[in-house]
There are 2 protein chains.
Amino acid sequence: MPYQRALVERTLGEARNCVNEQIEALLARNRQTGYGPLYDLLADYPFREGKGLRPAICLSAARAARGHTDQAVCSAAALELFHNAFLLHDDVEDASDFRRGRITMLKHKGAPVAVNVGDATNVMAVQLLLDNTRYIGVHKALLVFNEVERMARESVEGQAIELAWIGEQEFDLTDRDYVRMAHKKTCWYTVIAPLRIGVLCGAPPGANFPVDADLVPLVEIGHLAGIAFQISDDLLNLEAAPEIYGKEPDGDLWEGKRTVMLLHFLRVAPERERRRALALLRRHRYDKTEAEVAWLREAMEQRGSLEHGRRLAWQYCERALAADSQPLAFFEDNEDRRFLREMLLYVVERMK
Amino acid sequence: MPYQRALVERTLGEARNCVNEQIEALLARNRQTGYGPLYDLLADYPFREGKGLRPAICLSAARAARGHTDQAVCSAAALELFHNAFLLHDDVEDASDFRRGRITMLKHKGAPVAVNVGDATNVMAVQLLLDNTRYIGVHKALLVFNEVERMARESVEGQAIELAWIGEQEFDLTDRDYVRMAHKKTCWYTVIAPLRIGVLCGAPPGANFPVDADLVPLVEIGHLAGIAFQISDDLLNLEAAPEIYGKEPDGDLWEGKRTVMLLHFLRVAPERERRRALALLRRHRYDKTEAEVAWLREAMEQRGSLEHGRRLAWQYCERALAADSQPLAFFEDNEDRRFLREMLLYVVERMK
C-alpha cells in the first residue's frame, strides 16, 4: 500500500520548521539569561535532521480537531525536545555510537555530559509546556502536563523492562513480551501522547470538549501504529542504507537488542544455531567480530525472521487503519485528518 | 555559634517522615499500575537516610507563611525526589562510589540503570506536582511548576559549568567562579526553591499573596545559605568521619572536584607544590594512589586552605543571618520561622 508521499513529506517538513523555530527562540532566550555553552551542546541533537514525526502528529491532531497551529506549537516543540532528551539518555543506556548520521553525544563528549545535556533538554521541554498557559490557558496547559507525565512514566518503564532483559541476559521472550515493552517504550511518546495532546490543544472548549473516555480510541490507534513503527525501525536497522537511516548498520545485533526478528530466530533456529547465536549475543559488543555479526544477520534472513518482522509490522499497520476507521467526533475531515491516516502507512513504508 | 539542635533535629525528622509517607504511597500506586521492579530500584535512594533539609525548609516555609503542612507536602516530597534524581545522575557524572553510606546505584547497577532510575525519579516528582492541584488549586500548582522549572534549569546549568571545568582541565579558578557555579548547582535546589515554593504553597490567597518581587529576598538568603552549605559539605568531605558523612573520605580529591579549599591551595602553594598537585589532579581517579591523595590533603591543611574554607563558610553564614533579619511580611513569628533561622546555622555546624 503506497502512501501519499507528497502530503506526508510536506506535513513533516512544515512541522520540523515550525518546531525548530520555537526551539531556536528558546535556545536564544536561555543562552542570554543562562550558561551559554550548555545550550550550544543542547542544540546538537534537535537540529540533526530527524523525521519530525511526533511534532507533525501533534500539530495535525490539533488542526484536525478544529484548532490552530499556534495552540499546539509549544506542545509539539516540547514533544520533540522530550524525544531528544530520551535519545541522549538512550544512547548512554545502549552505549550507541551513531545517531541521525553522526556520532552520539555519548561518544563525542562522554556519559557525564550526555546525561547532563539530556537533563537540560527535559528542562527546556518543561519551559515550553509552561509557555502553553499563554496560548491555551491554565486549564488546557495542565491537561497537557498530565499527558506528558503519563507519557514519560510509560517511557521510563519501557526502558526499565528492556534494561532488565539486558541485565538478566534474558532472550527467552515472545512477541507479546516485546509488544508490552514497546507499548511503553515507544508507542506512548511516539504516537499516543502526540495524538492526545494535539487534540487537547486544538479542540474548542465547551460542552463537546473531549473527556478522557473520548480519547481512549487514540490509545488503541497509537498503540497499533507505534508497534508497527518500532518493528519497522528495527527492520531498517537490519536493512536500510546507513547513510539514509543514520544509525550504525546492524547496530541492534552488536548491542544484542531484543527485536521481534531476533526473538523469532531464537525460537525457530535449530538448537546448535540457537546456542551459537546466544553465545554471541551474551558477549559485550566490543567482544564481537564483524564476521560473527554478519553470520547472525544472514542466519536470521534464512530462517525467515526478517520476513516474520515485515509481516507483523504490516499486520499492526492494517489493524491501525481499521481502528482509525471508527468515527472520532472531535476530528473534522480535512487535510490534517488525512495526514494522520497516511501516517499509519508511512510508519511502515518509510526509508529512514 | 551553636544552633538549637533539638528544634532543628525535630523539624528535619518530622519532614523526613512526612515526605517518606508520600513517597511510599506513590511508589505503591506506581508498583500496582506499572512495572514493579523499576519502583523497587527507585525506592533505594530516597530511603537511604538523608538529612531531609529540602523538604524541611519547604514545609516550614509554608507553615511560617500561615499555611498548613497539607498544602506543601506534595511539593516537599517532589523536591526530595528531584534531589534524589539529581544525585543518581550526579553519581554517574562524577563516577562516584558512595552515597549516603552505601555504594552508588552507578556502581551497583551500572550507568544505564542509574540514568533510567534517575529519569523515573524525576517523573515521580512531576506526578506529585500534578497532585498539587487537589490541595492548593490550579493557580498555585502552576506557580510551583514555574519555580521547579527555574530550579531545574539552574541546577543543570551549574552542573554544566562544573563538567566544562573537568572537560577543559580548568583549575585556574577564583572563589568567585566557584560561587557562581555553586549558586546554580546547589543554592537553587537546596535552599532558594524550597523557601519560595513553601511560601507559595502556604501563603493565604488574596490581596497580600506574595508576588515575585516579595520573594526576591528569599533568593538572597537562599544564595548565602546555599553557599555556606556547599562549602561546609566540601569541608565535611575532607574532615568528617565517613561513617557519619556517608561519602567516600577525600572523595573530592580523588575526583579532582573544584572546591574553595582546593582552589585556594592552587593559588597560594609555591610553584613546585602547585605543579605536583596539578599533575595529580589531572590524572584519572583510578591512576591516583592513597599516598598521593594523602599528601595533597596534608599540603592543603598546611597552606591554610581548610581554614580558608571554614572562614568563608562562616562569612556566608553570617551574611545569611543578616539578610534574614530584614522584615518579611509573608512570614509570621512561629516555631517554623525560628527553624528557618536556625537552619542558617545548621548548614555550617552539621556533622553530616
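Residues numbered from 1 in each chain as written. Chains lettered and ligands numbered in written order. Predicted model: local features only at pLDDT ≥ 70, side-chain atom pairs only at ≥ 80, totals over all residues. Heavy atoms only, no water.

A. The arrangement of the relation of the copies chain B and chain A in detail. Superposing chain B onto chain A requires a rotation of 180° together with a translation of 0.0 Å along the rotation axis, leaving an RMSD of 0.0 Å. These values place the two chain copies in the arrangement generated by a two-fold rotation axis. By residue overlap, the copies meet face to face through one surface: 100% of the interface positions of chain B are interface positions in chain A. (Least-squares fit on C-alpha atoms with pLDDT ≥ 70 in both. Contact = heavy atoms within 4.5 Å.)

B. Region of interest: the pattern of salt bridges. For the structure on display, the rule yields 70 salt bridges over all chains. With its nearest N and O atoms 3.4 Å apart, the salt bridge here joins Arg 275 of chain A to Glu 271 of chain A. Placement of the pair is Arg 275 of chain A and Glu 271 of chain A together in helix α12 (residues 271-281), with a separation of four residues, close to one helical turn. Of the residues examined, Arg 275 of chain A reaches a relative accessible area of 51% and is grouped as exposed. Here Glu 271 of chain A falls in the partly exposed class, since its relative accessible area comes to 45%. Residues Arg 29 of chain B and Asp 131 of chain B are paired through a salt bridge, measuring 3.5 Å at the closest nitrogen-oxygen approach. (Salt bridge = Lys/Arg side-chain N within 4 Å of Asp/Glu carboxyl O. Helix = DSSP H or I, 4+ residues; strand = E, 2+ residues; numbered from the N terminus. Buried < 20%, exposed > 50% of the residue type's maximum accessible area, 1.4 Å probe, protein only.)

C. How the structure looks around the interface of chain B and chain A. Taken together, the contacts link 36 residues of chain B with 36 residues of chain A. Summed over both sides, the interface of chain B with chain A buries roughly 3200 Å², with 71% coming from carbon and sulfur. Our count for the contact surface shared by chain B and chain A stands at zero salt bridges. Put simply, chain B and chain A have eight residue pairs in polar contact (both at pLDDT 80 or more) between them. The set of elements that each furnish at least two residues to the side of chain B that touches chain A consists of α1 (5-33), α2 (36-42), α4 (69-94), α6 (111-167) and α7 (175-202) of chain B. Among the elements that line the side of chain B that touches chain A, the one with the most residues is α6 of chain B, at 25 residues. A class-by-class count of the residues in the side of chain B that touches chain A yields 20 nonpolar, nine polar and seven charged. (Buried area = accessible area lost by both parts, 1.4 Å probe. Polar contact = N/O pair within 3.5 Å; in protein donor to acceptor, adjacent residues only side chain to side chain. Nonpolar A, V, L, I, M, F, W, Y, C, P; charged D, E, K, R; others polar.)

D. Inspection of the environment of Gly 50 of chain B at higher detail. Note that Gly 50 of chain B resides in the loop between α2 and α3 (53-64). The spacing of Gly 50 of chain B and Gly 101 of chain B is 51 residues in sequence and 9.9 Å in space, taken between C-alpha atoms.

E. Here's a closer look at the nonpolar core. Membership of the largest hydrophobic core comes to 256 residues, with the highest contact counts inside it found for Leu 296 and Phe 331 of chain A together with Phe 331 of chain B. The element contributing the most residues to this core is α6 of chain B, with 24 residues. Sequence-distant contacts of Phe 331 of chain B, defined by excluding residues within four places in its chain, comprise Ala 61, Ala 64, Ala 65, Arg 66, Val 199, Leu 218, Arg 337 and Leu 340 of chain B. (Core = buried A, V, L, I, M, F, W, Y, C linked by side-chain atoms within 4.5 Å.)

F. Inspection of helix α6 (residues 111-167) of chain A at higher detail. Residues and elements named next belong to chain A. Taking 1.5 Å of rise per residue, 57 residues should cover 84 Å, yet α6 covers just 19 Å from first to last C-alpha, more than 12% shy of that figure. The largest bend in α6 comes to about 130°, at Ile 136. Burial analysis of α6 places 41 of its 57 residues in the buried class, which makes it a mostly covered element. (Expected span 1.5 Å × (residues − 1). Bend = angle between axes of the 7 residues up to and from the residue.)

G. Seen up close, the packing of helix α1 (residues 5-33) of chain A against α6 of chain A. All names here are of chain A. Close contact between α1 and α6 brings their axes to 11 Å; oriented N to C, the two are set at 105°. Comparing their axes, α6 and α1 come out roughly perpendicular. For the pair α1 and α6, the contacting residues are Gln 22, Ile 23, Leu 26, Leu 27, Arg 29 and Asn 30 in the first and Met 124, Gln 127, Leu 128, Asp 131 and Arg 134 in the second. Looking at the contact of α1 with α6, its residues break down into five nonpolar, three polar and three charged. (Axes fitted to C-alpha atoms, helices over the stretch in contact; angles between N-to-C directions. Parallel < 35°, antiparallel > 145°, perpendicular 65-115°, else oblique.)

H. Representation of the environment of Tyr 189 of chain A within the structure. All names here are of chain A. You can see Tyr 189 is positioned in helix α7 (residues 175-202). A C-alpha to C-alpha distance of 16 Å links Tyr 189 and Leu 340, two positions 151 residues apart in sequence. At 3.0 Å, the side chain of Tyr 189 and the side chain of His 83 are in polar contact.

I. The packing of helix α11 (residues 260-268) of chain B against helix α13 (residues 290-302) of chain B, seen in detail. All names here are of chain B. With their axes 10 Å apart at the nearest point, α11 and α13 run at an angle of 75° to one another. Judged by the inter-axis angle, α11 sits roughly perpendicular to α13. Facing α11, whose interface residues are Met 261, Leu 262 and Phe 265, α13 presents Leu 296, Ala 299 and Met 300. By residue class, the composition of the contact of α11 with α13 is six nonpolar, no polar and no charged.

J. Representation of the environment of Tyr 135 of chain B. All names here are of chain B. Position of Tyr 135 relative to the elements: it lies in helix α6. Along the primary structure Tyr 135 and Cys 74 are separated by 61 residues, whereas in three dimensions their C-alpha atoms are 8.5 Å apart. Residue contacts for Tyr 135: discarding those within four places in its chain leaves Asp 70 and Cys 74.

K. Spotlight on the packing of aromatic side chains. A full pass over the atoms with the stated rule returns five aromatic pairs over all chains. Between Phe 145 of chain A and Phe 145 of chain B, the ring centres sit 4.2 Å apart and the planes meet at 25°, which makes this aromatic pair stacked. Taken together, the residues Phe 145 of chain A in helix α6 and Phe 145 of chain B in helix α6 connect one chain to another. With a centroid separation of 4.9 Å and 75° between ring planes, the pair formed by Phe 330 of chain A and Phe 331 of chain A is classed as edge-to-face. Side by side, Phe 330 of chain A and Phe 331 of chain A carry an identical accessibility label, which is buried. (Phe/Tyr/Trp six-rings, centres within 6.5 Å; stacked < 30°, edge-to-face > 60°.)

Fair warning: the whole summary comes from geometry, so function is off the table for now.
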